[in-house]
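Here is what each chain is made of, one letter per residue.
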Amino acid sequence: MWSVLRRAGRAMSRAGALASLVAVLTAAMAVSAGVVLDRAQHRAMTQALDRKVGSVAAAVAHETGRYVDTLRTVAAATGAFEPLTAAKFARAVDPLRHMGLAGATSIAFMVPADDGEIGRVQALWRERGVPGLTLTPVGSGAGHIFSIFSEPFDGSTAGGLGVDVTQAAAPTRALAEARRSGRITVSDTYLLIRDRNLPEQQRQKSFVLTAPVYGTPGPPAASGAAGEQPFLGWVLMGLRGQDFMAAAVRRSAQNSADVTLTARDADGTEGTVAAVRAESDRHRTEHRTVDVAVAQARWRLRISAVAADLPGAGPFPVAMTAAGLGLGGLLAVLTFVLGTGRARADARVAAATARLRRTEADARDHAALLTAVVDSVSDGVGVVDEHGRFLLHNPAAKALLGVAEDSQDGADTWQAHYGIFRPDGVTPFPTGELPLARALAGEASDQVPMVIRNDGNRDGVVITVSARPLHGSAGRPGAVAVFHDVTARAAADRAIAEANTAMREELALREAAEAGLRAARDELATERAYLRQVLDALDVTVITCDADGMLVHTNRAARVAIPGLNAGADAGGPLPAVESSRRVRMAHPDGTPFAEHDLPLLVALHGRRVDGVEAHVTQADGHQQVVMMHARPLRDREGRIMGAVASSYTITALRQREAELTAFAGIVAHDLRSPLTAIGGFTEFVRDSLGDGLCGQEHREERAVLDRALATTARMRRLIDDLLGYAAARDAVLDARDLDLRAVVDDVVTERLAAQAADPTSPPPQIFVGAMPSVHADPALLRQLLDNLIGNALKYTPPGQPARVDVCATPHGTGWVRVDVADRGIGIPEGEHDAIFTGFHRAHRTANYAGTGLGLAICQRVVERHGGTITANDNPGGGARLSFTLPVAQSARFTARSRVPSDQTFG
């Protein structure tokens, strides 16, 4: 008896150790499967969000593109009508009412008008179909824009005719930009003028789309070229941002994400155009941002979603891990129970045997106890006799099989009666292969998997069956089977198999991506080598650097021009761009050495383009040459500066020839002034000697010839003065000092107005001078520069019309000021904006506009000698705008606020 108990104790210890091992292994497998499933779920969730972002961005881009195309078509149709009337405009925009333009409030036709033109413009459009039109200007000035025709698209607002839209800054800037660029323009967000009377709850952020309208070309010019299209006005469409946004993205967002559309206004602030919020009130954990092009602007689209709402999300990884841990616990318990069951049974049998020796009654009690134990185990137990009739099914077996009544008709009925199928859950299990049938034939079976599906187990239960023939000691032949529920383990095995398949697919994709990256790297290396060969074949020096100013690449011409570049690279790493510039001496044309911050490559690193900077370079061996330098910043896809590139080429021979020609021109001009003055004086003396009376009538032809000679002499004198000014602008010593720019401008304007007043037939000009800072410049050259530019603005004016000139200054980067001289004259012919700075080039060769073609060339030389730039552009209001930059004096403090009390109008 005691030996039996000792064996039972040892068996329980071994079973406990085995159960602990089973629990640890199954827990590790469950946690690993949960981690794999969680990663796969997160990857699927990220891909779903990226697809949603792409769908929403495409919807917004498509919708805005549809509005832009619609407005472009209306502008073209409006410009094609001759003349344009209210009825024709209504007919042109009528199809838009059926296009479903969500958020569109109205479409209007706008025209510009100055204070003096309001009456004429009002009368013109009253004749063209708007008899009750009344133009209501806001303020005074030259910049009014009025609504002439208006067709509303919604029922909440009424069309406003005669309204001056310049009272709202956002549409005014959009209209000006549309006319300047000739393209469709979108405004900053603001409250529409027509919505200001709406209730507060109906107001929303809005914007406008506007397109310039051009009429049919005029008759061909004398040269045979087609006439220019006249500017008629603008077509303007108002859009409510929230309504537009809801229609554009609600379908693609599917009410599962928050969508916000923002735009950067002119003042740099980022405002919300509209927002669409999903119905879910849970915290948004996933965010994406993408830029969308809208006309000339780029708006930002931000999408926020709840991770749990995305496809592929769910608590399955956690549930899988918990199920695995639970299964492990059950397996550990079962292992312990099975491991100790034999020992317990031996102990009970030994006790029962001892009691049987005492009394037969005790034997019956122990038999009942054994039956209770069988009924209490969690695994199913079934016993059949030699005919296949079931003698015993414990409660666990009945629960697993799901059938209340056992089959008593033999093994042939088991499959149909209990619903026994192979592991695929479809194929019926053959009767001859059933574990109990094989056990009746004397063959043992272990862990045979099968599926039980019947009315009691409609979802199916996966079990394993172990069967043995009954031992001869049982007193009769038969077989016994043990059923174990492995449904949870089978599900876990399937999930692990699926996870392994997904991991293999991911690995294959990653290997393919790595192969593509290697191929792209090889292709990039080939292209880089080819680019190096191309750059080395150029005679132009090319130098690139990274964002930290370290040299990245130099071509052959640069390595020849700057000694030691290769040595610096071989000596231990990249060479700083500043260090490379110290290996040669560089100076401006006036002899001033280049400061390190003025080097074109370093200037480009700060985001500025450098064009046509001339430098005198002295090599280490004393050799000197003149080079022309250019530089550009290099940017990545997000627009951040990632480096810079600079190039240069020698113009030594060109400058030598120019110097020779300039010296020759200066000598010739100086030597011709004295005889030319004498010729003019003698001619004027002869003309005056002919008299103005009767004698003058007799010599009328002679006086006309002498007048032409005096005019020719004056033109020759202007040419000589311009030649001397052209030479002085380049060769004179630069005497730069701090100057009051406003004082110089006022002096030039006063002198020019006095000269204009001497001609009674010329209409008095109007000259506006804004606030001016102090600058660092040469007084004589600065006066010559301003006199040429203001003189040109006054000269190139249509005959009989008063000249209008604006002279303004604005800050231009750190330490610089930009001066604009704008007029409303005849403008610059197309394609001549750069050529007008060439010496002796004249854009207008008519008798009304005399000149030598050297004025703007002198201006360019003066500006470049001060380190600045000069450009010519069309004035948005008509005419030309010439802009140049000058360095600000060290003591200058120029802000926009100082302009108000300093503005002044002459004339």
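Scope of this entry: the structure provided in the associated data block. (Residues numbered from 1 in each chain as written. Predicted model: local features only at pLDDT ≥ 70, side-chain atom pairs only at ≥ 80, totals over all residues. Heavy atoms only, no water.)

### Quick notes on the overall build of the chain
Link 1 in the chain: The helix and strand inventory of the chain stands at 21 helices and 29 strands.
Link 2 in the chain: When burial is assessed residue by residue, the chain has 39% of its 907 residues classed as buried.
Link 3 in the chain: Relative to all contacts within the chain whose residues are 6 or more apart in sequence, the contacts with residues 24 or more apart total 61%.
Link 4 in the chain: Of the roughly 48,600 Å² of accessible surface on the chain, 56% is carried by carbon and sulfur atoms. (Helix = DSSP H or I, 4+ residues; strand = E, 2+ residues; numbered from the N terminus. Buried < 20%, exposed > 50% of the residue type's maximum accessible area, 1.4 Å probe, protein only. Contact = heavy atoms within 4.5 Å. Areas by Shrake-Rupley, 256 points an atom, 1.4 Å probe, with all protein chains shown as cover.)

### Notes on helix α4 (residues 169-181)
Link 1 in the chain: Under the 1.5 Å per step criterion, the end-to-end length of α4 is 18 Å for 13 residues, consistent within 8% with the ideal 18 Å.
Link 2 in the chain: A170, P171, A174, L175 and A178 are the residues of α4 that are buried. In a view along the axis of α4, the buried residues occupy a sector of 130°, so they form one face of it.
Link 3 in the chain: Elements that come into contact with the buried residues of α4 comprise β2 (144-152), β3 (185-186), β4 (206-214) and β5 (231-240). (Expected span 1.5 Å × (residues − 1). Arc of directions from axis to C-beta.)

### Comments concerning empty space enclosed by the protein
Link 1 in the chain: This structure, assessed with the given rule, holds two cavities of 30 Å³ or more.
Link 2 in the chain: In this structure, the largest cavity occupies an estimated 140 Å³ of space.
Link 3 in the chain: Contributing to the lining of the largest cavity are 13 residues, with W414, I420, L436, M450 and F483 lying nearest its centre.
Link 4 in the chain: Of all elements in the fold, only α9 (414-418), α10 (435-440), β13 (445-452) and β14 (461-469) reach the threshold of two or more residues within the lining of the largest cavity.
Link 5 in the chain: Broken down by class, the residue content of the lining of the largest cavity amounts to 13 nonpolar, no polar and no charged. (1 Å grid on protein atoms, 1.4 Å probe; cavity = no way out; pocket = protein on both sides within 12 Å on 5 of 7 lines; lining within 4 Å. Points joined across faces, edges and corners; volume = space filled by probe spheres on them. Nonpolar A, V, L, I, M, F, W, Y, C, P; charged D, E, K, R; others polar.)

### Considerations on unusual backbone geometry
Link 1 in the chain: A cis geometry characterises the amide bond from E82 onward to P83, with omega recorded as 0°.
Link 2 in the chain: Note that P83 resides in the loop between α1 (2-80) and α2 (86-93).
Link 3 in the chain: Of note, the phi angle at A295 is positive, near 55°, even though the residue is not glycine.
Link 4 in the chain: With respect to the secondary-structure elements, A295 resides in the loop between β8 (286-294) and β9 (297-305).

### Let's talk about the pairing of β4
Link 1 in the chain: Among the nine residues of β4, eight are classified as buried, and the element is accordingly described as predominantly covered.
Link 2 in the chain: Looking at chain direction, β3 and β4 are connected through two bridges and run antiparallel. Its bridge partner being in β4, T185 is matched across the sheet by T210.
Link 3 in the chain: Alignment of β4 against β5, held across nine bridges, turns out to be antiparallel. Bridge pairing in β5 links P212 to W234. (Pairing = 2+ DSSP bridges.)

### Some remarks on the nonpolar core
Link 1 in the chain: Of all hydrophobic cores here, the largest spans 59 residues; its most connected members are F109, W125, I148, F149, M237 and L301.
Link 2 in the chain: A per-element tally of this core places α1 first, with ten residues. (Core = buried A, V, L, I, M, F, W, Y, C linked by side-chain atoms within 4.5 Å.)

### Some remarks on the sheet that holds β3
Link 1 in the chain: Taken in spatial order, the five strands line up as β2-β1-β5-β4-β3 in an open sheet, and their pairing is antiparallel. In this open sheet, the two strands that pair with only one neighbour each are β2 and β3.
Link 2 in the chain: Most of the contacts of α2 go to β2, to which it runs at about 60°, and overall it touches β1 (104-113) and β2.
Link 3 in the chain: Seen against the sheet, α4 touches β1, β2, β3, β4 and β5 and runs at an angle of roughly 30° to β4. (Axes fitted to C-alpha atoms, helices over the stretch in contact; angles between N-to-C directions.)

### Points about the packing of aromatic side chains
Link 1 in the chain: One pass over the full model with this rule turns up ten aromatic pairs.
Link 2 in the chain: On the basis of an interplanar angle of 65° and a centroid distance of 5.5 Å, the ring pair of F109 and W125 is categorised as edge-to-face. In this pair, F109 sits in strand β1 while W125 sits in helix α3 (residues 118-127), placing the two residues 16 residues apart along the sequence. Here F109 matches W125 in class, with each residue buried.
Link 3 in the chain: Pairing W125 with F149 gives two aromatic rings, centres 5.4 Å apart and planes at 90°, and the pair type is edge-to-face. Here the residue W125 occupies a position in helix α3, and F149 occupies one in strand β2, the gap between them amounting to 24 residues.
Link 4 in the chain: With relative accessibility at 6%, the residue W125 sits in the buried group.
Link 5 in the chain: For F149, a relative accessible area of 3% corresponds to the buried category.
Link 6 in the chain: By the ring-pair criterion, three or more aromatic residues cluster together here, those being F89, F109, W125 and F149.
Link 7 in the chain: For R128, the ring lying beneath its charged end belongs to W125, and the centroid distance is 5.1 Å.
Link 8 in the chain: When the ring centre of F429 is taken as origin, the NZ or CZ atom of R422, which lies over that ring, is 5.1 Å away. (Phe/Tyr/Trp six-rings, centres within 6.5 Å; stacked < 30°, edge-to-face > 60°. Lys NZ or Arg CZ within 6 Å of the ring centre and 35° of its normal.)

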